[in-house]
Amino acid sequence: MEKIYSSIIDNKNKIESDFADCSDFLLRECVVDKRKCVVCVLDGMINSLQLSHMIMEPLLSYEGGSKTGAQLFDSLKSRVINSLEMQEADYFEDIYYFLASGFAALFIDGVSKCLVLGIQGFEKRMPDDPPVESDVKGAKECLTETLNDNKAILRRRLKTPDLKLKQLKVGKEIKKSVVLAYIKGSASEELVSDAERRITQAPIETLQDFGELSSFLDSDISSFFSAVGSTERPDKLCSKLLEGRVAVLIDGTPFALFVPHLFSDSFSTVDDYDDLPFYATFNRLLKYFAFFVSILLPGVYVAAGTFHQELIPTSLLYTIAMAEATTPFSLMQEAIMEFILYEIMREAGIRLPKMIGHAVAIIGALVIGDAVVNAGLVGSPMLVVVAITAIASYVIYPLYESVSVLRLIFIIIGGFSGIYGIILGISVICVNISALNPYGVPFSAPISPLNVRSIGDIFYRESWRKLARRKVRIQNLRGVDINEI
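Conventions and cut-offs
Residues numbered from 1 in each chain as written. Predicted model: local features only at pLDDT ≥ 70, side-chain atom pairs only at ≥ 80, totals over all residues. Heavy atoms only, no water. Helix = DSSP H or I, 4+ residues; strand = E, 2+ residues; numbered from the N terminus. Rg over C-alpha atoms; globule rule 2.2 N^0.38 Å. Buried < 20%, exposed > 50% of the residue type's maximum accessible area, 1.4 Å probe, protein only. Contact = heavy atoms within 4.5 Å. Areas by Shrake-Rupley, 256 points an atom, 1.4 Å probe, with all protein chains shown as cover. Expected span 1.5 Å × (residues − 1). Bend = angle between axes of the 7 residues up to and from the residue. Pairing = 2+ DSSP bridges. Axes fitted to C-alpha atoms, helices over the stretch in contact; angles between N-to-C directions.

Peer 1: Outline the overall build of the protein, listing residues and values.
Peer 2: A tally of regular secondary structure across the protein gives 15 helices and ten strands. In terms of C-alpha radius of gyration, the protein reaches 29 Å, well past the compact-globule figure of 23 Å for 485 residues. Dimensions of the protein along its principal axes, counting C-alpha atoms only, are 100 × 55 × 40 Å. Of all 485 residues assigned to the protein, the portion counted as buried reaches 48%. Residue pairs at least 24 apart in sequence account for 67% of intrachain contacts in the protein once pairs closer than 6 positions are excluded. For the protein, the accessible area works out to roughly 24100 Å², and carbon and sulfur atoms hold 59% of it.

Peer 1: Can you break down helix 9 (residues 277-306) residue by residue, with the values?
Peer 2: With 30 residues, helix 9 should cover 44 Å at 1.5 Å per step; its first-to-last C-alpha distance of 42 Å lies within 8% of that length. Maximum bend of helix 9: about 45°, positioned at Leu296, with proline Pro298 one to four residues after it.

Peer 1: Summarise the pairing of strand 4 (residues 103-108); cite the residues concerned and give the values.
Peer 2: For strand 4, a buried count of six out of six residues is recorded, marking the element as mostly surrounded by other parts of the structure. Across the two faces of strand 4 the burial is the same, with Phe103, Ala105 and Phe107 and Ala104, Leu106 and Ile108 all buried. Pairing analysis gives four bridges linking strand 2 (residues 35-42) to strand 4, with the strands arranged antiparallel. Bridging from a neighbouring strand, Cys40 pairs with Ala105 of strand 4.

Peer 1: Describe the pairing of strand 5 (residues 114-118), listing the residues and the values that go with them.
Peer 2: The side chains of a regular strand alternate, residue by residue, between the two faces of the sheet. Of all the five residues making up strand 5, five are buried; the element is thus mostly covered by neighbouring parts of the structure. Residues Cys114, Val116 and Gly118 line one face of strand 5 and the alternating positions Leu115 and Leu117 line the opposite face, and both faces are buried. In terms of strand pairing, strand 3 (residues 86-89) meets strand 5 through four bridges, oriented antiparallel. Pairing of Ala89 across the sheet is with Cys114, part of strand 5. The sheet contact formed by strand 4 and strand 5 spans four bridges and is antiparallel. Of the residues in strand 5, the one forming a bridge with Phe103 is Gly118.

Peer 1: Break down the sheet that holds strand 3 for me, citing the residues and quoting the values.
Peer 2: Taken in spatial order, the five strands line up as 1-2-4-5-3 in an open sheet, and their pairing is antiparallel. Since the sheet does not close on itself, it has two edges, and those belong to strand 1 (25-32) and strand 3, each with one partner. Recorded for the sheet is a direction-independent mean angle of 25° between the axes of neighbouring strands. For strand 1 and strand 2, the ladder comprises eight bridges, and the chain directions are antiparallel.

This is the structure:
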């Protein structure tokens, strides 16, 4: 990193050379207390009114009789500049980072450091309804792409100085702001230090989205499931922080990461804690049932129709046999073809502009729902299985990526080895889930090892009279050994 020069001319030439052909770069030379100064900003990143009233007016009207540049620097910093957000920078790389964050840079002749002043004023999106994690009774607010706004949202919900928001820089080539959020006293110090170490040591050239950093926070064991959770809901993120977890906010993305993420987290929603206990329990069990249906139903159907016809009721077996007699493909081939067509239609519906997105639904209904059956390519029972599986997979949307691949694997296993292969596959998945141990916390906790105190919020939901008396922390679950990290 190149250090700032003491000569104002050298600093001016350097910064103008680096920002050559940048039309948004603005530079103003001025004389403050008989000493040459340079003020630099990036247009569109700052508030022009604040620049004028808080910086330029006090600078141009100041006459303090400073004998040296160092004295002028200290005077401007301590009693002239009106900006509350003020830092010193010693290197040009730090200055460029601050300029791109909405700061103004002040150079003084004879001083080999720069004063950066926060006057942010760039355009940003306001918090709106969560577009991905929708709910019925929860808060209608989501995180935004602006890091400072996200910090303010968390601070507004958790009004305590124990909420720590430690800002880091990630990226070897281009730095990006990342905030490590945790509640002191709730989160383990070892967990916080390990998460910070993984972030700072991540070999990332330029960080653009949360998915790039998520891989470095995840478990080292290969799995279809991730030990890093993500959410766009501040209420959900606050509840994770209160449980002793660590959150990661990244500038430019509306999703926050939190670690450690447990398998059971994917089956709870904000509405579960607003509904009555019996209804929340019904919904929770429904999610677990939908998870197994979305993964296993196509594979079990293929295995039973191919190898274990005795497991199918006689009337249903006749229906399946009549449908399959007119199709040229096996059950396994039909299932794979239908699910691939379904995923193509789903992906097209996501990527197409909203104005023509409805066309995909019409074409999908015609192609998948009617044409393939009338053409004799797929049997009607298989179409029903695909429809039920697709709907069930959206019930546990946080696991959709894992489910969409696992069900294809189980279809192939069922087509080649029957029910016995599916049972073996389930065993492998269970072993893999139990083997994940991110940050010293079992991914399968509190189901395995079983934690009786926490089970009241896993398969069923206890009343708030009981939940309010509990003080569950992630490091207090059975099988947790955070000191191993």
